[in-house]
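Remarks on the overall topology
The chain contents come next:
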Amino acid sequence: MHHDPSSPIGIFDSGLGGLTVARAVMDLLPGEPIVYFGDTARVPYGVKSPDTVARYAAQITRFLLAKNVKLLIVACNTMAAVALPAITGLSPVPVLEVIDAGAESALAATRSRRIGIIATPSTIASHAYESALARLGGPDVYTVAKACPLFVPLVEEGWLDHPATRLVAVEYLAPLAAHNLDTLILGCTHYPLLAPLLAEVVGPGIRLQDSATAVARRAAAILDAKGLRNTAAAPAHSFHVTDLPHRFIAVGERFLGRPMTDVRLETLV
């Protein structure tokens with residue numbers, strides 16, 4: 001498999017959420033073509049078993065490798081938490097993931113070293129963020145985690161500032177107030193779309209952190225180190241989904257902040 005600067009970056013997620021990562025990559029690396037895969041037929045992943053998520057992740061990895069990608073970005077926190085060995089075991093190209101990047105971002109932001117984590121049930125059950133924070137920040141980092149399973153379907157419905165979403169956010173986040181946190185990791189790529197609402201709910205004393213920009217910076221460093229950065233004036237991006245491409249476009253363009261002109265329906269095997 002031959003890669004050169006014109007080869008694309010592969011980014012994948014369980015659905016729409018990874019478009020927040022794609023947007024950060026497009027902003028920082030505007031010359032890079034991107035092949036994005038969203039498994040819209042099987043979202044959400046966060047309530048599925050680790051074995052099922054690993055099987056789905058392996059299917060998507062094979063699909064993207066067949067597109068001759070030069071770098072893979074796992075933009076789904078659930079896949080990064082429970083399926084990373086399945087992905088790296090298949091990939092001959094570098095694999096970046098969102099959990100270490102999110103942990104590093106939170107450690108850079110915190111002053112009290114009291115950090116909250118909200119994510120899908122699978123990610124929370126994996127304790128992947130706690131492990132990353134302890135490994136990167138040392139044993140004195142205080143963490144508290146909360147599963148927020150309803151946020152993904154609410155975001156995919158486009159209810160970013162809906163009264164129902166606000167009620168759910170208050171219900172999920174109220175127990176965190178007792179922990180005197182100063183930083184909150186948005187441990188799912190869907191959640192940054194809720195950031196304005198979540199910031200209002202938790203108040204100004206808590207900094208919200210996500211991993212999209214940090215992952216984009218890591219991607220830039222790897223491409224530069226390998227001499228693979230592209231400088232195309234207008235790179236071609238393609239988006240691949242397993243269900244409802246028209247709905248993916250309608251909601252996804254809000255995530256991406258730009259039009260999506262090449263969206264294709266795919267069947268995984």
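Residues numbered from 1 in each chain as written. Predicted model: local features only at pLDDT ≥ 70, side-chain atom pairs only at ≥ 80, totals over all residues. Heavy atoms only, no water.

Let us now look at the layout of surface pockets. Considering only enclosed or pocket space, the largest pocket measures out at about 170 Å³ in volume. Lining the largest pocket are Thr-20, Arg-23, Ala-24, Pro-192, Leu-193, Asp-210, Ala-212, Thr-213 and Phe-255. Taken together, the elements giving at least two residues each to the lining of the largest pocket come down to helix 1 (19–28) and helix 11 (212–226). Across the lining of the largest pocket, the residue classes break down as five nonpolar, two polar and two charged. (1 Å grid on protein atoms, 1.4 Å probe; cavity = no way out; pocket = protein on both sides within 12 Å on 5 of 7 lines; lining within 4 Å. Points joined across faces, edges and corners; volume = space filled by probe spheres on them. Helix = DSSP H or I, 4+ residues; strand = E, 2+ residues; numbered from the N terminus. Nonpolar A, V, L, I, M, F, W, Y, C, P; charged D, E, K, R; others polar.)

Turning next to the environment of Val-95. Tracing the backbone shows Val-95 in strand 4 (residues 95–97). Setting aside anything within four residues of it in sequence, one finds Val-95 in contact with Leu-72, Val-74, Leu-84, Ile-87 and Thr-88. (Contact = heavy atoms within 4.5 Å.)

Moving on: the packing of aromatic side chains. Going through the model one piece at a time under the given rule, you end up with six aromatic pairs. Centroid distance Tyr-36 to Phe-239: 6.2 Å. Interplanar angle 45°. Geometry classified as tilted. Here the residue Tyr-36 occupies a position in strand 2 (residues 34–38), and Phe-239 occupies one in strand 9 (residues 238–241), the gap between them amounting to 203 residues. One exposure class covers both Tyr-36 and Phe-239, and it is buried. Taking the centre distance of 5.4 Å and the plane angle of 50° together, the rings of Tyr-45 and Tyr-56 count as tilted. Residue Tyr-45 is located in the loop between strand 2 and helix 2 (50–65), and its partner Tyr-56 is located in helix 2; the two are separated by eleven residues in the primary sequence. Comparing Tyr-45 with Tyr-56 shows no difference in burial state: the two are buried. (Phe/Tyr/Trp six-rings, centres within 6.5 Å; stacked < 30°, edge-to-face > 60°. Buried < 20%, exposed > 50% of the residue type's maximum accessible area, 1.4 Å probe, protein only.)

Below, the discussion takes up unusual backbone geometry. A cis geometry characterises the amide bond from Val-43 onward to Pro-44, with omega recorded as 0°. Considering the arrangement of structural elements, one finds Pro-44 in the loop between strand 2 and helix 2. Look at Asn-68: it is not a glycine, yet its phi comes out positive at around 60°. For Asn-68, the location among the structural elements is in the loop between helix 2 and strand 3 (71–74).

Reading across the sheet, the four strands line up as 6-5-7-8 and stay open at both edges, with parallel pairing between neighbours. The outermost strands of the open sheet, each flanked by one partner alone, are strand 6 (142–147) and strand 8 (207–209). Sheet twist, expressed as the average angle between the axes of neighbouring strands with direction ignored, equals 25°. Pairing of strand 7 (residues 183–186) with strand 8, which is carried by three bridges, proceeds in the parallel orientation. (Pairing = 2+ DSSP bridges. Axes fitted to C-alpha atoms, helices over the stretch in contact; angles between N-to-C directions.)

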